[in-house]
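Chain by chain, the residues:
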Amino acid sequence: MKYTIGQKVTFLVLVLFVYMRSQAQTTSTRNNYVLVIHGGAGTILKEQMTPQKEAAYKKGLNEALEAGNKILKQGGNALDAVEAAVKVMEDNPLFNAGKGAVFTNEGKNEMDAAIMDGSTRKAGSVAGITTVKNPVTAARAVMDKSEHVMMAGKGAEKFAAANGCTIVDPAYFFTEDRWKGLLKARQLDSVKSRLDHDSANTLLKQPGNRDYKYGTVGAVALDTKGNLAAATSTGGMTNKKYGRIGDAPVIGAGTYASNATCAISCTGWGEYFIRLVMAKSVSDRMELANETLQQATGEMIYKQLPAMGGDGGLIAVDNKGNIAMPFNTKGMYRGYIKANGETAVEIYGDK
Ligand code: ASP
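Conventions we followed
- Residues numbered from 1 in each chain as written.
- Predicted model: local features only at pLDDT ≥ 70, side-chain atom pairs only at ≥ 80, totals over all residues.
- Heavy atoms only, no water.
- UniProt positions renumbered as here; feature names shortened; annotations may be inferred.
- Helix = DSSP H or I, 4+ residues; strand = E, 2+ residues; numbered from the N terminus.
- Buried < 20%, exposed > 50% of the residue type's maximum accessible area, 1.4 Å probe, protein only.
- Contact = heavy atoms within 4.5 Å.
- Polar contact = N/O pair within 3.5 Å; in protein donor to acceptor, adjacent residues only side chain to side chain.
- Core = buried A, V, L, I, M, F, W, Y, C linked by side-chain atoms within 4.5 Å.
- Pairing = 2+ DSSP bridges.
- Axes fitted to C-alpha atoms, helices over the stretch in contact; angles between N-to-C directions.
- Near = heavy atom within 4 Å.
- Nonpolar A, V, L, I, M, F, W, Y, C, P; charged D, E, K, R; others polar.
- Phe/Tyr/Trp six-rings, centres within 6.5 Å; stacked < 30°, edge-to-face > 60°.
- Parallel < 35°, antiparallel > 145°, perpendicular 65-115°, else oblique.

As annotated in an unreviewed UniProt entry, the chain is Isoaspartyl peptidase from Filimonas zeae.

In structure tokens form, the structure reads like this:
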């Protein structure tokens, strides 16, 4: 069959058009990265914050965003970006993770952390560790260098030391502010246990008295290859009992990532997040009930969590780059950065 010159030109133009469109799409996928972080939810009230303290928190959040952004901008992995962002917050004494972790009832710092790769759904976590400078690096080592998912206590510390994590004296984690927090929590908890239910609730309703124990750091990211990852690290809840483990290192509760849906890192009253299997519930609602990220996270944080009596929030990014940062506490340290340079850090809520 013979084609006229006109037909040949039309065909070539068509091929060129289809090629250019596919290139444009690849470029937009390639450029579409997002990093979201949190530095814990709780009673964070503007009236109780000084301008200096507020600036210090915002600086800390921006430094964490920048650490992850540097990696994502160069086409690096979501997994490396979330680990880097979390490490910066672990090193910052303002946040309840690594240096600045809260104290247990016995006056110790026992930390939990987790990391998950949405592309392989490999995960690693550590619980109740006291000597690893950056717990998230220990979680990463468990994921990358062992056949296990979760390691706890002395064994996890031994494994972290053998796999290149920096080990410090437990005294490294001490901060004056957290120590004062423990003294306040001990006092409140002992008063609470002597009150009847209603009086205890009244006491808890006073600003700072209900979720005075919270804090945690976390990061979620979508990288330029379309892979998702999540990481969470925490000192847990102030005045927690020896050996208590929160939701952060429990895969599916405080931390989860799957390329099929989203990446999530939670913060709040861990016991409720474990019982709600929070992060995986959000993912399941998206995958099985076809909900959007906003619908699924909203249902869990604004309805199911308070209905059970819990507080907290989460950060999430889905595989298209949509983000959600819902919380039902007064505030949540949070921030995000996108490939197009759009960035923000926030502290308070509107209630
Ligand atoms: N979820 C953490 C825990 O229960 C604490 C927090 O996020 O503030 O250990």
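Trainee: I'd like a rundown of the UniProt feature "active site" (unreviewed entry) in the chain, residues and numbers included.
Mentor: In the numbering adopted here, UniProt assigns the feature "active site" (unreviewed entry) to T216. Looking at the secondary structure, you find T216 in the loop between α7 (197–205) and β5 (217–222). The buried category is assigned to T216, whose relative accessible area is 6%. When residues no more than four places from it in sequence are discounted, the contact partners of T216 are H38, G39, G40, N96, T232, S233, T234, C266 and T267.

Trainee: Outline the UniProt feature "binding site: substrate" (unreviewed entry) in the chain, supporting the account with residue identities and numerical values.
Mentor: What UniProt calls "binding site: substrate" (unreviewed entry) maps, in this numbering, to R244, I245, G246, D247, T267, G268, W269 and G270. Among the secondary structure elements, T267 is positioned in strand β8 (residues 262–268). A residue is classified by how much of its surface remains accessible, and T267, at 1% relative accessible area, is buried. Those residues in contact with T267 that sit more than four places away from it in its chain are H38, G40, A41, G215, T216, F273, G312, G313 and M332. At 3.1 Å, the side chain of T267 forms a polar contact with the backbone nitrogen of A41. By the secondary structure assignment, G268 is in strand β8. By relative accessible area, G268 is classed as buried at 12%.

Trainee: Could you give an account of the nonpolar core, with specific residues and numbers?
Mentor: Counting 49 residues, the largest nonpolar core has L35, I37, V82, I115, V126 and Y333 as the members making the most contacts within it. Ranked by residue count, the leading element in this core is helix α3 (residues 78–91), at seven residues. When neighbours within four sequence positions are excluded, L35 is seen to be in contact with A64, L65, G68, N69, L72, V82, A219, V220, A221, G335, Y336 and I337. V34, C266, L276 and I315 belong to the second-largest nonpolar core, a separate cluster that totals 36 residues.

Trainee: For the sheet that holds β8, give the residues involved together with the corresponding values.
Mentor: The four strands are arranged β7-β8-β9-β10 in an open sheet whose pairing can be described as antiparallel. Strands at the two margins of the open sheet, each flanked by one partner only, are β7 (255–257) and β10 (323–324). Packed on one face of the sheet, helix α9 (residues 278–289) meets β7, β8 and β9 (312–318) and runs near 145° to β8. Across the face of the sheet, helix α10 (residues 293–308) comes into contact with β8, β9 and β10 while running at roughly 170° to β9.

Trainee: Can you tell me about unusual backbone geometry, naming the residues and giving the values?
Mentor: A positive phi angle, near 70°, is found at N239, a position not held by glycine. Summarising the element assignment, N239 is placed in the loop between β6 (228–234) and β7. Within the chain, V277 stands out as a residue other than glycine whose phi angle is a positive 45°. For V277, the position within the fold is in the loop between α8 (270–275) and α9. Residue classification places V277 among the partly exposed residues on the basis of a relative accessible area of 38%.

Trainee: Outline the site of the ligand, supporting the account with residue identities and numerical values.
Mentor: Residues in contact with the ligand amount to twelve residues; listed here are only the nearest, G215, T216, R244, D247 and G268. Side-chain polar atom of D247 to a nitrogen atom of the ligand: 2.6 Å apart, as the coordinates give it. G270 places a main-chain nitrogen or oxygen 3.0 Å from an oxygen atom of the ligand. Here the shell around the ligand is composed, by residue class, of two nonpolar, eight polar and two charged.

Trainee: So what about the packing of aromatic side chains? Which residues, and what values?
Mentor: Any two aromatic rings considered together are summarised by their centre-to-centre distance and by the angle between their planes. Tallied over the entire structure, the rule returns eight aromatic pairs. Relative to Y333, the ring of F95 lies with its centre 6.2 Å away and its plane at 85°, an arrangement referred to as edge-to-face. Of this pair, F95 sits in the loop between α3 and β2 (111–117) while Y333 sits in strand β11 (residues 331–338), and the two are 238 residues apart along the sequence. Residue classification places F95 among the buried positions, given a relative accessible area of 0%.

Trainee: Any chance you could break down the packing of α3 against helix α4 (residues 135–145) for me, citing the residues and the numbers?
Mentor: Packing of α3 against α4 leaves a shortest axis separation of 8 Å and a crossing angle of 150°. Relative to α4, the element α3 lies roughly antiparallel. Across the interface between the two elements, L79, D80, E83, V86, K87 and E90 from α3 touch P135, V136, T137, R140 and M143 from α4. Its residues placed into classes, the contact of α3 with α4 shows five nonpolar, one polar and five charged.

Trainee: Break down the environment of K154 for me, citing the residues and quoting the values.
Mentor: Relative to the helices and strands, K154 is located in helix α5 (residues 153–162). Take K154: its relative accessible area is 65%, and that puts it in the exposed class. Spatially, the C-alpha atom of K154 lies 9.2 Å from that of T131, the residues being 23 residues apart in sequence.

Trainee: I'd like a rundown of the sheet that holds β2, residues and numbers included.
Mentor: Here we have eight strands laid out as an open sheet, ordered β4-β3-β2-β6-β5-β1-β11-β12, and mixed in their pairing. Looking at strand neighbours, the two that pair on one side only are β4 (150–152) and β12 (343–348), the edges of this open sheet. Across the sheet, the mean angle from the axis of one strand to that of its neighbour is 5°, orientation sign disregarded. Here strand β3 (residues 122–129) runs beside β4; their pairing, made up of three bridges, is parallel. Paired with V126 across the strands is M151, a residue of β4. This element, helix α2 (residues 51–73), spans β1 (34–42), β5, β11 and β12 of the sheet and lies at about 145° to β12. Where α4 meets the sheet, it contacts β2, β3, β4 and β6, and its direction lies at approximately 135° from that of β3.

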